Amino acid sequence: MNNLLGKEKSRYLLQHKDNPVNWYAWGEEAFEKARTENKPIFLSIGYSSCHWCHVMAHECFEDLEIAKVLNDSFVSIKLDKEEYPDIDGFYMDFLVRNFGSGGWPLNVFLNHNNIPFYGMTYLPKYNFLMLLNQVLEEFHKNTKIKTTGIGERFKLKKVDRGEAKKLLESVSFDNVYDVFGPRFPQALFLFYKLHKGLNIEQELEEDIIMKGLFDHVEGGWFRYSVDSEWKIPHFEKMLYDQATLLFLCAEVYCKSKNESVKYAIEKTIFWLKTHMKLPSGLYGSATDADTKDSEGHYYSIEKTNDEKTKTLFRLDECGVHENRFMPWINFAFYKENPDESNKIINLYKEARKNIDSPGLDNKSVMSWNCFLGFSLLRCADALGDDSIKNMALNLFDNILKYHVKDKIFHVVYDTEGFESLEYLEDYASYLLFLSEIVKIKPELKDKAEDFITIIEKKFVKEDYLVNTTGTFFDNPNLLYDMPFPSGGSILLYALLNLNHDKLEYFASLTYGVLELIKKDPSFFGLWLYCFEKLFGEH
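Residues numbered from 1 in each chain as written. Predicted model: local features only at pLDDT ≥ 70, side-chain atom pairs only at ≥ 80, totals over all residues. Heavy atoms only, no water.

### Here's the deal with the packing of aromatic side chains
Remark: the centre distance and the inter-plane angle together describe each pair of aromatic rings, the angle taken between the planes.
Line of reasoning, step 1. Scanning the entire structure with this criterion turns up 59 aromatic pairs.
Line of reasoning, step 2. Consider the rings of Tyr427 and Phe459, whose centres lie 5.2 Å apart with planes at 65°: the pair is edge-to-face. Of this pair, Tyr427 sits in helix 19 (residues 424–437) while Phe459 sits in helix 20 (residues 445–459), placing them 32 residues apart in sequence. With respect to class, Tyr427 is no different from Phe459; both count as buried.
Line of reasoning, step 3. One aromatic cluster in this structure is built from Trp23, Phe42, Phe61, Phe74, Phe109, Phe117, Phe128 and Phe139.
Line of reasoning, step 4. For Lys78, the ring lying beneath its charged end belongs to Trp23, and the centroid distance is 5.1 Å.
Line of reasoning, step 5. Positioned above the aromatic ring of Tyr47, the side-chain terminus of Lys81 is 5.3 Å from the ring centre. (Phe/Tyr/Trp six-rings, centres within 6.5 Å; stacked < 30°, edge-to-face > 60°. Helix = DSSP H or I, 4+ residues; strand = E, 2+ residues; numbered from the N terminus. Buried < 20%, exposed > 50% of the residue type's maximum accessible area, 1.4 Å probe, protein only. Lys NZ or Arg CZ within 6 Å of the ring centre and 35° of its normal.)

### With respect to the pattern of salt bridges
Line of reasoning, step 1. Tallied over the entire structure, the rule returns 37 salt bridges.
Line of reasoning, step 2. Between Lys125 and Asp63 there is a salt bridge whose closest N-O contact spans 3.0 Å. Taken as a pair, Lys125 in helix 6 (residues 125–141) and Asp63 in the loop between helix 3 (51–61) and helix 4 (64–73) lie far apart in primary sequence, 62 residues in all.
Line of reasoning, step 3. Lys125 sits in the buried class, given a relative accessible area of 15%.
Line of reasoning, step 4. A residue is classified by how much of its surface remains accessible, and Asp63, at 17% relative accessible area, is buried.
Line of reasoning, step 5. Among the salt bridges present, the one from Glu436 reaches Lys439, with a minimum N-O distance of 3.1 Å. (Salt bridge = Lys/Arg side-chain N within 4 Å of Asp/Glu carboxyl O.)

### Focus: the side chain of Ser76
Line of reasoning, step 1. Secondary-structure assignment places Ser76 in strand 3 (residues 75–80).
Line of reasoning, step 2. Each residue touching Ser76, except ones within four places of it in the same chain, is listed here: Val21, Asn22, Trp23, Tyr24, Phe42 and Leu70. (Contact = heavy atoms within 4.5 Å.)

### Brief notes about unusual backbone geometry
Line of reasoning, step 1. Across the junction of Trp104 and Pro105, the peptide omega takes the value 5°, indicating a cis bond.
Line of reasoning, step 2. Note on placement: Pro105 falls in the loop between helix 5 (85–99) and strand 4 (106–110).
Line of reasoning, step 3. Following Met482, the chain continues to Pro483 via a peptide bond in cis, the omega torsion being -5°.
Line of reasoning, step 4. The phi dihedral of Ser294 is positive, around 140°, even though this residue is not glycine.
Line of reasoning, step 5. Inspection of the secondary structure assignment puts Ser294 in strand 11 (residues 294–295).
Line of reasoning, step 6. Classification of Ser294 by relative accessible area gives buried; the value is 19%.

### Examining the sheet that holds strand 4
Line of reasoning, step 1. What the five strands build is an open sheet, ordered 1-3-2-4-5; its pairing is mixed. Here the strands that pair on one side only, and so sit at the sheet edges, are strand 1 (24–25) and strand 5 (116–120).
Line of reasoning, step 2. Here helix 2 (residues 28–37) sits on the sheet and contacts strand 1, strand 2 (41–46) and strand 3; the angle it forms with strand 3, its principal contact strand, is near 155°.
Line of reasoning, step 3. Against the sheet, helix 3 engages strand 2, strand 3, strand 4 and strand 5, with an angle of about 145° to strand 2. (Pairing = 2+ DSSP bridges. Axes fitted to C-alpha atoms, helices over the stretch in contact; angles between N-to-C directions.)

### Looking at the environment of Lys353
Line of reasoning, step 1. Relative to the helices and strands, Lys353 is located in the loop between helix 16 (338–352) and strand 14 (360–361).
Line of reasoning, step 2. As for Lys353 and Leu198, which are separated by 155 residues in sequence, their C-alpha atoms are 42 Å apart.
Line of reasoning, step 3. Among the polar contacts listed, one links the side chain of Lys353 to the side chain of Glu350, at a separation of 2.8 Å. (Polar contact = N/O pair within 3.5 Å; in protein donor to acceptor, adjacent residues only side chain to side chain.)

### Some points on the state of the cysteines
Line of reasoning, step 1. Per the counting criterion, the structure on display carries one disulfide.
Line of reasoning, step 2. Between the sulfur atoms of Cys50 and its disulfide mate Cys53 the distance is 2.4 Å. Judged by the sign of its S-S torsion, about 80°, the bond between Cys50 and Cys53 is right-handed.
Line of reasoning, step 3. You can call Cys53 buried: its relative accessible area is 2%.
Line of reasoning, step 4. Of all cysteine sulfurs in the structure, the one in Cys249 sits closest to Cys379, which takes part in no disulfide; the separation is 7.2 Å.
Line of reasoning, step 5. Looking at Cys379, the relative accessible area reads 0%, which means it is buried. (Disulfide = S-S within 2.5 Å.)

Laid out in structure tokens, this is it:
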């Protein structure tokens, strides 16, 4: 048998099509082979812009010794997490609950019922080889591993309105950052804090905009900072981060008219148009962290003796990555010396044309594109910029053209929808985008009404709001507002935006989320905002 990934559309899967590992894509063919040959399943989940996925691929999956063990004794499946968010979330939940932390590549070993019995993230070759032999031995001697089934599926606890209000009032934010650290841009939680009247200037303007998380040459935010001082980012840029942070910036700018926030909005929107827009008019899912020169090389700069460059990019305090500097911005200098500053920035922008640039994943994800469109309309309104509004309206037309057929496709490649389950986050994000479009085109209000009915038919099951049209892989990760908001919280926010009378009904199906919010409130920023609006301030 040969590797079967060459016929796939996913850029991540195609990156592995020449591995000596006999990879299958997710599907019945692989499961049937595992059952017939009595082999455990090795499932490896990642995405195309993931740095550590590439490292493990090079060290392990391109290695003939590793490939022989996998091919002889396992059935190996590669899965793009962006194609199947429910499957990714299900196995990530297993990894975090049983081993304390997670990440990608997400590697899990499954029995023939698709139930995981061991998992890990990145491992170097010899550690991985040792683990494969241990897992194989355990699988064949432990009957319980082979026969374990799904058991009780994940469901939210049923909570009535009175109990929900008490749970909301009991949510505590004491030491919330002691748990999660300041490294990830928590856009939706910051939006909630803004709504509460709390000062988010340090977190947004000083850290997320001014420092190393933002690309001050071309624009756009990186995924996260690897250190607590926002010096060095993890260099992939995700569409969902641009969408959620643009939304936050639009809300902040409406209140403060802060020039640094406007700077981030305008620079990011320009970068989206020039670097992430696909020929279809939709937007790709991510740009890579790595180039042939090394991780982050494209974004970092060499040491310079030019005093103005050192001042503008704060080279005396910014991060250093592989002996190169990761620019911050001295915004006071930028404002006082706009011509000189832009001349310096343009020099570095031109220099990037002569080096290998990060690749773009050509996968259009429905929910991320819809949330981006919604955020663009909020930015257009905040800045009074019709060109941004037209950019959003054009995106809406292309979403209708390629994603919305007799069902909504979660993923589109070029102009072709990828067959998978349907996801609440896609339907809710479309309704959210539509709820903002209605303000410009009131004649579409009936379309929004019809769509609410469709959501109810597809995603309300036995008095629960479910996240997918199939429930095997439903899991609590699908309820988090990190890194992208949950389908449920987006739905409630869209209904708030429409001032719709079904808000109370849909909210009543989700009150059990408050049991999770009590444990990790910073992961539920949009939920918190919606529940507080529903119950009144507390």
